[in-house]
Amino acid sequence: MNTVTYNGLTFRPFISSEQIAKRVGEIAAEVSDAYKDRNPLIICVLKGAFPFASDLFMNLSIDAEIAFVRLQSYSGTESTGSVREVIGLDESVKGRAVIVVEDIIDTGRTMAKFLEELKAQEPAEVKVATLLFKPDALQEPLKPDYVGFSIPSKFIIGYGLDLDGLARNLKDIYVLSTDPV
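Heads up: these notes are all about the structure in this document. (Residues numbered from 1 in each chain as written. Predicted model: local features only at pLDDT ≥ 70, side-chain atom pairs only at ≥ 80, totals over all residues. Heavy atoms only, no water.)

### Here's the deal with the overall build of the protein
For step 1, the next point in the chain: In terms of helices and strands, the protein carries three helices and ten strands.
For step 2, the next point in the chain: For the protein, the α and β elements follow one another from N to C terminus as β-β-α-β-α-β-β-β-α-β-β-β-β.
For step 3, the next point in the chain: Within the span of the protein, comprising 181 residues, buried residues form 47% of the whole.
For step 4, the next point in the chain: The long-range share in the protein, meaning contacts at least 24 apart out of those at least 6 apart in sequence, stands at 67%.
For step 5, the next point in the chain: For the protein, the accessible area works out to roughly 8,900 Å², and carbon and sulfur atoms hold 48% of it. (Helix = DSSP H or I, 4+ residues; strand = E, 2+ residues; numbered from the N terminus. Buried < 20%, exposed > 50% of the residue type's maximum accessible area, 1.4 Å probe, protein only. Contact = heavy atoms within 4.5 Å. Areas by Shrake-Rupley, 256 points an atom, 1.4 Å probe, with all protein chains shown as cover.)

### So, the packing of helix H1 (residues 17–34) against helix H2 (residues 50–59)
For step 1, the next point in the chain: At a minimum axis distance of 8 Å, the contact between H1 and H2 shows a crossing angle of 55°. Between H1 and H2, the crossing angle belongs to the class labelled oblique. H2 is crossed by H1, and the crossing has right-handed handedness. Note on element contacts: H2 touches H1 through Phe52, Asp55, Leu56 and Asn59, opposite Val24, Ile27 and Ala28.
For step 2, the next point in the chain: Each residue belonging to the contact of H1 with H2 can be placed in one class, and the counts come to five nonpolar, one polar and one charged. (Axes fitted to C-alpha atoms, helices over the stretch in contact; angles between N-to-C directions. Parallel < 35°, antiparallel > 145°, perpendicular 65-115°, else oblique. Left-handed = near helix turned anticlockwise from the far one by under 90°. Nonpolar A, V, L, I, M, F, W, Y, C, P; charged D, E, K, R; others polar.)

### Description of the pattern of salt bridges
For step 1, the next point in the chain: Counted under the stated rule, the structure contains nine salt bridges.
For step 2, the next point in the chain: Put simply, Arg23 and Glu26 hold a salt bridge, and the shortest N to O gap is 3.1 Å. Here Glu26 and Arg23 lie together in helix H1, a separation of three residues that amounts to about one turn. (Salt bridge = Lys/Arg side-chain N within 4 Å of Asp/Glu carboxyl O.)

### Some remarks on the environment of Ile104
For step 1, the next point in the chain: Within the secondary structure, Ile104 is located in strand E6 (residues 97–105).
For step 2, the next point in the chain: Exposure remark for Ile104: the relative accessible area of 14% places this residue in the buried category.
For step 3, the next point in the chain: C-alpha separation for the pair Ile104 and Ala49, spaced 55 residues apart in sequence, amounts to 7.9 Å.
For step 4, the next point in the chain: Contacts of Ile104, omitting those with residues within four sequence positions, involve Thr130, Leu132, Lys134, Ile151, Ile156 and Leu161.

### Some thoughts on the side chain of Glu102
For step 1, the next point in the chain: Its place among the elements puts Glu102 in strand E6.
For step 2, the next point in the chain: The buried charged residue Glu102 lacks any salt bridge, with Arg168 as its nearest oppositely charged partner at 8.5 Å.
For step 3, the next point in the chain: Those residues in contact with Glu102 that lie beyond four places of it in its chain are Val45, Ala49, Phe52, Thr110, Met111, Ala129, Thr130 and Leu131. (Lys, Arg positive; Asp, Glu negative; His and termini not counted.)

### Here's the deal with unusual backbone geometry
For step 1, the next point in the chain: Cis rather than trans, the peptide bond between Leu46 and Lys47 has omega equal to 0°.
For step 2, the next point in the chain: One can find Lys47 in the loop between strand E3 (41–46) and H2.
For step 3, the next point in the chain: Positive phi outside glycine occurs at Asn7, with the angle close to 50°.
For step 4, the next point in the chain: Take Asn7: it is sitting in the loop between strand E1 (4–6) and strand E2 (9–15).

### Some words on the nonpolar core
For step 1, the next point in the chain: If you look at the biggest cluster of nonpolar residues, it comprises 31 residues, and the most contacted ones within it are Ile20, Phe52, Val101, Leu131, Leu132, Ile156 and Ile173.
For step 2, the next point in the chain: Element by element, the count of residues in this core is highest for H1, at five residues. (Core = buried A, V, L, I, M, F, W, Y, C linked by side-chain atoms within 4.5 Å.)

These figures capture arrangement, not role.
As structure tokens, this is what we get:
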């Protein structure tokens, strides 16, 4: 893996596609075991969680359904501090086991707001799966149920994570090269 440059910023390799695939497989096995007698609804938070949700969903050994929402809280490399729901949930979650799949949880504001709205719709249970978790940046009382990788508070791209819409299709995850790891 070599460095990549987007919008004048250079990023260096951080987590390889092989590491990602291995961890996604492990999470899929955990979810499959926990939900072997149920049909959970997987809610993918677009756009960033799409690769993770797709790989996770395809690695499940149980029946499950998938739905999509789109929330937005970033502009460039910074969180805006506010959350917008761009595309809402069409499926009913009442009485369902729900697993919300996110690409990254840093401050937790986006997920906390969404979970509040989701729980008002009376699901049987709600779990959160995130590929990346920044515990040092967390500002909400939130603990994801399934975590791919806990990482420091650094700006990253790749495997669904973007910089102004770019770099989502990188198979590996990269960290801003000015950030020490």
